[in-house]
Structures are given as structure tokens and as C-alpha cells.
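Observations on chain architecture
As a plain string of letters, each chain reads:
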Amino acid sequence: MGEDLATGQLARQGLLSPAALDQAQQVLAQAQEAGIETLRVLFVDQHGILRGKTVVAEAIAGVFRSGLNVPSTLLLKDTSHRTAFAVWDAPGEGVRGFVPMRGAGDVLLLPRPETFRILPWSSHSAWILCDPVMSDGSPIGFTSGEVLRRAEADLQAQGLQAIFGLEVEFQIFERLDGACTHDQCSMPGAPVETRNLTQGYQYLTETRYSECEAVLDKLRRNAQGLGLQVRSVEIEMGPSQVEFTFAPLPALQQADAMVMFRTMVKEVCARSGFHASFMAKPRLENAMANGWHLHQSLVEHSTGRNLFEPAPDGHLSAAASGWIAGLLTHAAAASLMIAPTVNSYKRYLPFQLAPNRIQWGRDNRGAMLRGLMQPSDAASRIENRAPDSSANPYFAIAAQILAGSAGLASGLQAPAPTLSPYEDEADRLPRSLGQALNAFERSDLFRDTLGEEFVSYLSQLKRFEWERYLDTVSEWEQAEYFNLF
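Thresholds applied
- Residues numbered from 1 in each chain as written.
- Predicted model: local features only at pLDDT ≥ 70, side-chain atom pairs only at ≥ 80, totals over all residues.
- Heavy atoms only, no water.
- Helix = DSSP H or I, 4+ residues; strand = E, 2+ residues; numbered from the N terminus.
- Rg over C-alpha atoms; globule rule 2.2 N^0.38 Å.
- Buried < 20%, exposed > 50% of the residue type's maximum accessible area, 1.4 Å probe, protein only.
- Contact = heavy atoms within 4.5 Å.
- Areas by Shrake-Rupley, 256 points an atom, 1.4 Å probe, with all protein chains shown as cover.
- Lys, Arg positive; Asp, Glu negative; His and termini not counted.
- Charge placed at Lys NZ, Arg CZ, Asp CG, Glu CD.
- Salt bridge = Lys/Arg side-chain N within 4 Å of Asp/Glu carboxyl O.
- Pairing = 2+ DSSP bridges.
- Core = buried A, V, L, I, M, F, W, Y, C linked by side-chain atoms within 4.5 Å.
- Axes fitted to C-alpha atoms, helices over the stretch in contact; angles between N-to-C directions.
- Parallel < 35°, antiparallel > 145°, perpendicular 65-115°, else oblique.
- Left-handed = near helix turned anticlockwise from the far one by under 90°.
- Nonpolar A, V, L, I, M, F, W, Y, C, P; charged D, E, K, R; others polar.
- Phe/Tyr/Trp six-rings, centres within 6.5 Å; stacked < 30°, edge-to-face > 60°.
- Patch = residues over 30% accessible without salt bridge, like charges linked within 9 Å, V, L, I, M, F, W, Y side chains within 5 Å.
- Polar contact = N/O pair within 3.5 Å; in protein donor to acceptor, adjacent residues only side chain to side chain.
- Expected span 1.5 Å × (residues − 1).
- Bend = angle between axes of the 7 residues up to and from the residue.

When helices and strands are counted, the protein shows 14 helices and 15 strands. The C-alpha atoms of the protein give 23 Å as radius of gyration, which agrees with the globular expectation for 485 residues (23 Å, within 12%). The principal-axis extents of the C-alpha atoms in the protein amount to approximately 65 × 60 × 55 Å. Evaluated residue by residue, the protein yields a buried proportion of 54% over its 485 residues. In the protein, the proportion of contacts linking residues at least 24 apart, taken out of those at least 6 apart, comes to 71%. For the protein, the exposed area adds up to about 21000 Å²; of that, 50% sits on carbon and sulfur atoms. Charge-centre separation for the protein: the mean point of 41 positive side chains lies 2 Å from the mean point of 55 negative side chains.

All right, on to the pattern of salt bridges then. Taken as a whole and judged by the stated rule, the model has 19 salt bridges. Here R149 ties to D131 by a salt bridge, and the two come within 2.9 Å at their closest N and O atoms. Residue R149 is located in helix α4 (residues 144-157), and its partner D131 is located in strand β6 (residues 122-133); the two are separated by 18 residues in the primary sequence. Of the residues examined, R149 reaches a relative accessible area of 28% and is grouped as partly exposed. D131 gets classed as buried once you look at its relative accessible area, which sits at 16%. Among the ionic pairs, D217 bridges to R221, the shortest N-O distance being 4.0 Å. Of this pair, D217 and R221 both sit in helix α6 (residues 213-225), 4 residues apart, which is roughly one turn of that helix.

This part is about the pairing of β6. Burial analysis of β6 places 10 of its 12 residues in the buried class, which makes it a mostly covered element. Bridge analysis of strand β1 (residues 38-44) against β6 gives 6 bridges, and the strand direction is parallel. Residue L42 lies in a different strand from β6, and its bridge partner there is L129. Inspection of the sheet shows strand β4 (residues 106-111) paired to β6 by 4 bridges, in the antiparallel sense. Residue pairing in the sheet places L108 in a bridge with V133 of β6. In this sheet, β6 lies alongside strand β5 (residues 117-119) in antiparallel orientation, the contact comprising 3 bridges.

Let us look at unusual backbone geometry. Cis rather than trans, the peptide bond between M187 and P188 has omega equal to -5°. Within the secondary structure, P188 sits in the loop between β7 (160-177) and β8 (193-196).

Within the element layout of this structure, D256 appears in helix α7 (residues 251-271). Of the residues examined, D256 reaches a relative accessible area of 8% and is grouped as buried.

It is worth spelling out the nonpolar core at this point. Counting 140 residues, the largest nonpolar core has F170, L216, F261, M264, M337 and F446 as the members making the most contacts within it. Here M337 is in contact with A391, N392, F395, A396, A398, A399, F440, F446, L450, F454 and L458, once residues within four sequence places are set aside.

Tracing the sequence through the fold places M288 in the loop between β11 (274-277) and β12 (292-300). Taking the C-alpha atoms as reference, M288 lies 9.9 Å from E169; in sequence the two are 119 residues apart. The residues contacting M288, other than those within four sequence positions of it, are Q171, Y201, M237, G238, Q241, P282 and Q352.

Time to look at the packing of α4 against α7. Two numbers describe how α4 lies on α7: the axes approach to 10 Å, and their chain directions differ by 155°. Our classification of the angle between α4 and α7 gives roughly antiparallel. Once α4 is placed against α7, the crossing between them reads as right-handed. Listed contacts from α7 to L148, R149 and E152 of α4 are A251, L252 and A255. Grouping the amino acids of the contact of α4 with α7 by side-chain chemistry returns 4 nonpolar, no polar and 2 charged.

Right, let's talk about the packing of aromatic side chains for a bit. One pass over the structure, following the stated rule, counts 18 aromatic pairs. When the centroid spacing of 4.9 Å and the interplanar angle of 70° are considered together, the rings of F246 and F261 count as edge-to-face. A residue pair is termed long-range when its members are at least 10 positions apart, and F246 in strand β10 (residues 241-250) and F261 in helix α7 qualify at 15 residues. Its relative accessible area of 7% is what places F246 among the buried residues. Judged by its relative accessible area of 0%, F261 falls in the buried class. The structure contains a cluster of three or more aromatic residues connected by ring pairs, namely F170, F244, F246, F261 and F278.

Right, let's get into a nonpolar patch on the surface. The grouping of W476, Y481, L484 and F485 at the surface amounts to a nonpolar patch, some 540 Å² of accessible area in total. Assignment of secondary structure puts F485 in the segment after α14 (475-481). Classification of F485 by relative accessible area gives exposed; the value is 74%.

A separate point is the environment of R82. Inspection of the secondary structure assignment puts R82 in the loop between β3 (68-71) and β4. Judged by its relative accessible area of 31%, R82 falls in the partly exposed class. Linking R82 and F464, residues 382 residues apart in sequence, is a C-alpha distance of 9.5 Å. Side-chain polar atoms of R82 contact the side chain of S80, separated by 2.9 Å.

Moving on, we get to α4. Its 14 residues place the ends of α4 21 Å apart at the C-alpha level, agreeing with the 20 Å of an ideal helix rising 1.5 Å per residue. The largest bend in α4 comes to about 25°, at A151. When we look at burial in α4, the residues that qualify are S144, G145, E146, V147, L148, A151, E152 and L155. G159 lies just past α4 and shows a positive phi near 75°.

Below, the structure is given as C-alpha cells:
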């Protein structure tokens, strides 16, 4: 593993900087010292899911020299893993400008050495995250990392940085049946059969924590083993529902952390006979919905000052007011990026600790935006409670940055905070993926900032999923109409 990576294809093309090459040499040394046998070479797909190939130890250096090819269709699949674009049609069809799609050609995975992690639950193996790029090294405008970097670029040019903190809700169930009979292995596969670990509805109680301490300890230790900055481990409201919170970090680091955490939880739970789910609203009796509360603040690079910290009299700072106004103005259009599934919109119900209207409130858990800002509090921040735990974190965080920045740039001011988040006259959040799609496609915000290619891509991907749902006869319809008519 002592190869000179500077002579490799990636170095020659300038795709790995000198600093990245130095990090890569350190990774090779670390992998050799740790006895790593396999490296999982991964990228974050359009749904925030890790995909990729596993290489043996002898091939790790080659990943840093030449990258790794994977089929471009991995970027084109919906949540059932069906390809949502016409890859066999004549040129001109499908994703604008994305030539490798036709004929299911390859894209190149470009490794990010800083994301290398030895897996605490599989110590002979390691992860590395990559950016998918074209074969010639040019970026693909709709990939997860590229979208987030583009969203950050304008802020960085202004000497500003958005900081994010995470609260992640999910469920851990005992797995009774893995649904692996031949007839259950469809696209998507049949849901596994589960049972609760705890009865729930004893929010933050010590006895419920003690009941599932063993699995929570295992998850916490593995998260910390990956270098994730866990703040707390909590019993949530519903049966088998828990929450992990994380220290604030810059956007890309936090998106990486979220993807690593979700993947680790599912893999570690599966190895222990459990099933972890980050689905927004599971169709299980008495189950609660899972939110992903996205805390955010804006920091000035030159001073380190949190621009959301209010004046001594408690009035919103100009930056906080503009950011809130931007998030509210573009809430409907941004919904596709923070609540990405058909199921996401079943969560927006009143009196369920989830928002259903576009508004903000001061420390109000029913409002879409919860203002947590006090004079002289350097941790002053805005919490967006509309995202759910199934969101692609790169898209979701990018949406926050672009919407908040648009509010700042336009000089918008936040409206008065709500006191009755489920009863006032504020506009409703989208009630379906179809409504969210329409709002996204009508908005100029993402078209102007991320480009027509991204808007076309995400619209096609999610419309494919939405239309499959519309073509399905639900249990509700069968029960409602089969006997009646």
C-alpha cells in the first residue's frame, strides 16, 4: 500500500488535491495497520441511501489512483429501486445533459479521504464516501454532495457559514420475520414483520430507557466509534421510538454524519435481530411519526459571531428575521427536499408534535419553525420541525440554506410569531407528495440556484414514484367501496 498516488489518474486530472492525496496516503497506512480486509466504496444516492462496491485490501490504493466505476442508473432509481428514466431511448430523452444514462453507462466514484471510517461493528472493514462524477471528472449537478456544495457557495462568498444540529427520531423493533420467502422478494420487498421493544407513551421515562438500554448503548458506542458527535440518547413518545441528538456542525459534515448514523443504525440493528426504521409514519398500530428536527444558525467567519443571537431587548436580529421569512416563503417548494416520500405527508397532522401550517413561533413545538433565540445566548438558533427522518440530508440542508439565504438577500422580515399553531389562518404545508411536486416545479428558487437540470431530475424521479402510488389501490379504498358499491 506504499504506492505513489500522485502519479494516478485522479491526481493527473486534478480531481484529488495535494491535501487530499496526503490524506489518502494516511488512509492507506491506517488501513494496513488496522488489518483492513475490505473497503466499502460508497456514495450517497438521491434518497440519502449509501450504495457502492466493496474492494479487497489490495485494491484500496487503486481507488485513490483511478476512482471506481459504477452504473449510472444508480443515480436514476426511485425508492422501489426501479430506474425512473428511459435509459434505452434515443438521445435527447431523459435527464438533460446526462449522457452516461443512455445505455446504462458508468459514472466514476471520486473518493473523499476525510470520510474514511473503520467500522466498529465490523472491524476488518471500512467505509469511504465518494462523489459520483462523469468519466472525465466533471461534476454531475444533481448528486447529493454537489447540490449541497452549490447551495453553500454564495454564503461562503459572503464570509458566512450555516451551522446545523440534528435531532433524529426513529424506531427500533424486534424482527420476527425477515420477509425473505420467494414471493416476498419483489420491488420493493414485502415489509418485515416486527414487534415493539417497549410499549411507549411514557415520554423520557427512566424505566423505558432501562428496558432498551442494551441496544441503545450499542448504537451510541458505534456512533461514537465512527466519530459522530452524539449529544443525547432519549426515549421518545411512541412505542419503540427513540431519538439521538448531535452537536452542531457545518453543513457538509452534518449531512455526512446523518447518512453514516442512519446506515450504522440499520446495519447494527439487523445484526442483532432488530429492525430499525426511519420511515416518517409507519403503518403500525399506535406508532408515532418520526421527525428530523433541523436546527440552524448563521455564523460570520471573520468574528465567529452567531448572527441569529437577538438584541438585548429580545427582538429578532435582521439575519434571523430574514432567514425565517425565507424559510416560510419557500416552505411549500422546499417540501420535496425535506419530506421526500408519499408517506412523509401523513405526518403533518395537528396536535401530534408535528407542524401542519407554514409559520413560526417562539419555543413552540407545534409551529413549523421553532425560534430558540435569547439575548447573549451564542447557541441561538431556528429549529425547522417539518423535515422527517427519511429525507436526503444533503438535499434537505441545501433547501434550508437556499431558502434562508433568499430571505436575507431580498430583505424579507419575519411575520409575527404564532401562539396557536394549529388554529390560525396560515397556509397549510403540502398535504401530499403531488402538491409538493407542483410547488417545487412552479418555484424559481431552485431553478435559479441549482439549475434546470436539478429541477428536471428531481421532478422526474419523484413524479415516477408519485404516479406509481396513484396507480395502486389502497386498503382504505377496498374497505370503503368494495361492499358499498
